Amino acid sequence: MQESESILSGLQAYKGAGQEIQGAIQNPNDMILQERAWNSVCPLVIRLKKFYGFSLRLEKALQSLLVCLTCPPYTPTQHLEKEQALAKQFAEILHFTLRFDELKMRIPAIQNDFSYYRRTISRNRINNMNLDIENEVNNEMANRMSLFYAEATPMLKTLSNATTNFVTENKTLPLENTTDCLSTMASVCKVMLETPEYSSRFNSEDTLLFCMRVMVGVIILYDHVHPNGAFNKSSKIDMKGCIKVLKEQPTDNVEGLLNALKFTTKHLNDESTPKNIRTMLQ
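Residues numbered from 1 in each chain as written. Predicted model: local features only at pLDDT ≥ 70, side-chain atom pairs only at ≥ 80, totals over all residues. Heavy atoms only, no water.

Trainee: Can you help me understand the pattern of salt bridges in this one?
Mentor: As a working rule, side chains carrying opposite charge can pair if their charged atoms are close by. In this structure the tally under the stated criterion is ten salt bridges. Between Glu5 and Arg99 there is a salt bridge, and its shortest N-O distance comes to 3.0 Å. Residue Glu5 is found in helix 1 (residues 4–12), and its partner Arg99 is found in helix 5 (residues 84–105); the two are separated by 94 residues along the sequence. Note on Glu5: relative accessible area 45%, which makes it partly exposed. When salt bridges that share partners are traced, they join Lys190, Glu194 and Asp238 into one network. (Salt bridge = Lys/Arg side-chain N within 4 Å of Asp/Glu carboxyl O. Helix = DSSP H or I, 4+ residues; strand = E, 2+ residues; numbered from the N terminus. Buried < 20%, exposed > 50% of the residue type's maximum accessible area, 1.4 Å probe, protein only.)

Trainee: Sorry if this is basic, but what is going on with helix 14 (residues 251–263) here?
Mentor: Because each turn of an α-helix spans 3.6 residues, side chains separated by three or four positions end up pointing in the same direction. The first and last C-alpha atoms of helix 14 sit 17 Å apart over 13 residues, in line with the 18 Å expected at 1.5 Å per residue. The inward-facing, buried residues of helix 14 contact helix 5, helix 9 (154–169), helix 12 (205–225) and helix 13 (239–247). (Expected span 1.5 Å × (residues − 1). Contact = heavy atoms within 4.5 Å.)

Trainee: So what exactly am I meant to see when it comes to the nonpolar core here?
Mentor: Note that soluble globular proteins tend to have their nonpolar side chains buried in a common cluster. Of all hydrophobic cores here, the largest spans 90 residues; its most connected members are Phe90, Tyr117, Ile219 and Leu246. For this core, the element with the highest residue contribution is helix 3 (residues 31–70), accounting for 15 residues. Filtering out sequence-adjacent residues up to four positions away, Tyr117 remains in contact with Trp38, Val41, Val45, Ile133 and Val137. (Core = buried A, V, L, I, M, F, W, Y, C linked by side-chain atoms within 4.5 Å.)

Trainee: Looking at this structure, how should I read the side chain of Asp113?
Mentor: The residue Asp113 is located in helix 6 (residues 109–126) in this model. Among buried Asp, Glu, Lys and Arg side chains, Asp113 stands out as unpaired, with Arg47 the closest opposite charge at 8.9 Å. In this view, Asp113 contacts Tyr14, Gly16, Ala17, Gly18, Ile21, Val41 and Leu44; residues no more than four positions away in its chain are not counted. (Lys, Arg positive; Asp, Glu negative; His and termini not counted.)

Trainee: Is there a simple way to explain empty space enclosed by the protein in this structure?
Mentor: Which parts of space are left empty comes out when a probe the size of a water molecule is rolled across the atoms. Applying the stated rule across the entire model yields one cavity of 30 Å³ or more. Forming the walls of the largest cavity are Leu98, Asp101, Glu102, Met105, Thr153, Gly256 and Ala260. Elements with a contribution of two residues or more to the lining of the largest cavity: helix 5 and helix 14. Looking at the lining of the largest cavity element by element, the count peaks at four residues for helix 5. Residues of the lining of the largest cavity, tallied by class, amount to three nonpolar, two polar and two charged. (1 Å grid on protein atoms, 1.4 Å probe; cavity = no way out; pocket = protein on both sides within 12 Å on 5 of 7 lines; lining within 4 Å. Points joined across faces, edges and corners; volume = space filled by probe spheres on them. Nonpolar A, V, L, I, M, F, W, Y, C, P; charged D, E, K, R; others polar.)

Trainee: How should I be thinking about the layout of surface pockets in this particular structure?
Mentor: Put simply, the largest pocket is a space of about 470 Å³. What lines the largest pocket is a set of 16 residues, and nearest its centre among them are Ala87, Lys88, Met185, Val188 and Met192. Among the secondary structure elements, those contributing two or more residues to the lining of the largest pocket are helix 4 (76–82), helix 5, helix 10 (175–194) and helix 12. Counting residues per element, the lining of the largest pocket draws most heavily on helix 10, at five residues. Looking at the lining of the largest pocket, its residues break down into ten nonpolar, four polar and two charged.

Trainee: Please explain the packing of helix 12 against helix 14 as it appears in this structure.
Mentor: Packed helix pairs are specified by the crossing angle of their axes together with the interaxial distance, meaning the distance between the axes. Close contact between helix 12 and helix 14 brings their axes to 10 Å; oriented N to C, the two are set at 5°. With respect to helix 14, the axis of helix 12 lies roughly parallel. Counted together, Glu205, Leu209, Met212, Arg213, Val216, Ile219 and Ile220 of helix 12 and Asn253, Val254, Leu257, Ala260 and Leu261 of helix 14 form the full contact between these two elements. Its residues assigned to classes, the contact of helix 12 with helix 14 shows nine nonpolar, one polar and two charged. (Axes fitted to C-alpha atoms, helices over the stretch in contact; angles between N-to-C directions. Parallel < 35°, antiparallel > 145°, perpendicular 65-115°, else oblique.)

Trainee: So what exactly am I meant to see when it comes to the packing of aromatic side chains here?
Mentor: In this description, an aromatic ring pair is defined by two values, namely the gap between the centres and the angle between the planes. Under the counting rule described, the total for this entry stands at seven aromatic pairs. Centre to centre, the rings of Trp38 and Tyr117 are 5.6 Å apart; their planes meet at 5°, and the pair counts as stacked. Of the two residues, Trp38 is situated in helix 3 and Tyr117 in helix 6; the sequence distance between them amounts to 79 residues. Taking relative accessible area as the criterion, Tyr117 reaches 1% and is therefore assigned buried. Aromatic pair Phe96 and Phe100: ring centres 5.9 Å apart, planes at 45°, arrangement tilted. (Phe/Tyr/Trp six-rings, centres within 6.5 Å; stacked < 30°, edge-to-face > 60°.)

Trainee: I keep staring at the packing of helix 2 (residues 18–26) against helix 3 and nothing clicks. Help me out?
Mentor: Contact geometry of helix 2 with helix 3 gives a least axis separation of 8 Å together with a crossing angle of 150°. One finds that helix 2 runs roughly antiparallel with respect to helix 3. As for the relative orientation of helix 2 and helix 3, their crossing is left-handed in sense. Residues Glu20, Ile21, Gly23 and Ala24 of helix 2 touch helix 3, and the partners they reach there are Leu33, Gln34, Arg36, Ala37, Ser40 and Val41. Its residues assigned to classes, the contact of helix 2 with helix 3 shows five nonpolar, three polar and two charged. (Left-handed = near helix turned anticlockwise from the far one by under 90°.)

What follows is the structure, given as structure tokens:
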């Protein structure tokens, strides 16, 4: 996770090549403007490839941690108590994921830049122009990156898929081992946030945000892997309590998290979701 801070600062500093692209599109015969746009976009595409590569490594790391935190003979609670360092790492991955996606949602330039890159590559392929960058980002890689960045919350989507695949591939492992691990973590975060005795000990707003992001992250993963989801009455997560805790925080801190619950979960709009929970998230 040491690299995660440099990934986040790289994303935060992402300015995009909107102006250069606009200039190139409006003046298709001006080769200087075409070159300027291309030279602006290429380093950005390399940066986007780095982010995408990091998501693949996170996927593997998450699945390794799930193996450790769900394997018999211990219960999920015993695992979380015995392997606190691993649970912390799991939480760190979720924290990073939600921060990445919150930032990505505010940068429409990413998809515009990448679309321009793909269009230019296709055009140059027709003109038999071989570009060095294709060694870095070939067509197959560009397709995969395109699918990744088309998601509103690409990192969360990656982790949701990773958790679903983990459950599917480990058929001998009871599903409850995974869902109980996730619901236990959600409960721990909720209790820490709603109990003044704990929350008053948070030494900074960052700790508060960490707790909220992890709580939302595990809810989303639970909703993807449990057949009935997180919002159902039979869910082991107190969704009403979790949403209430989020809504008590300043809007700026939780807007992205509430949106993640609205748009990245799988079962919110199921008929079995109680009306009061749907109303809370409107």
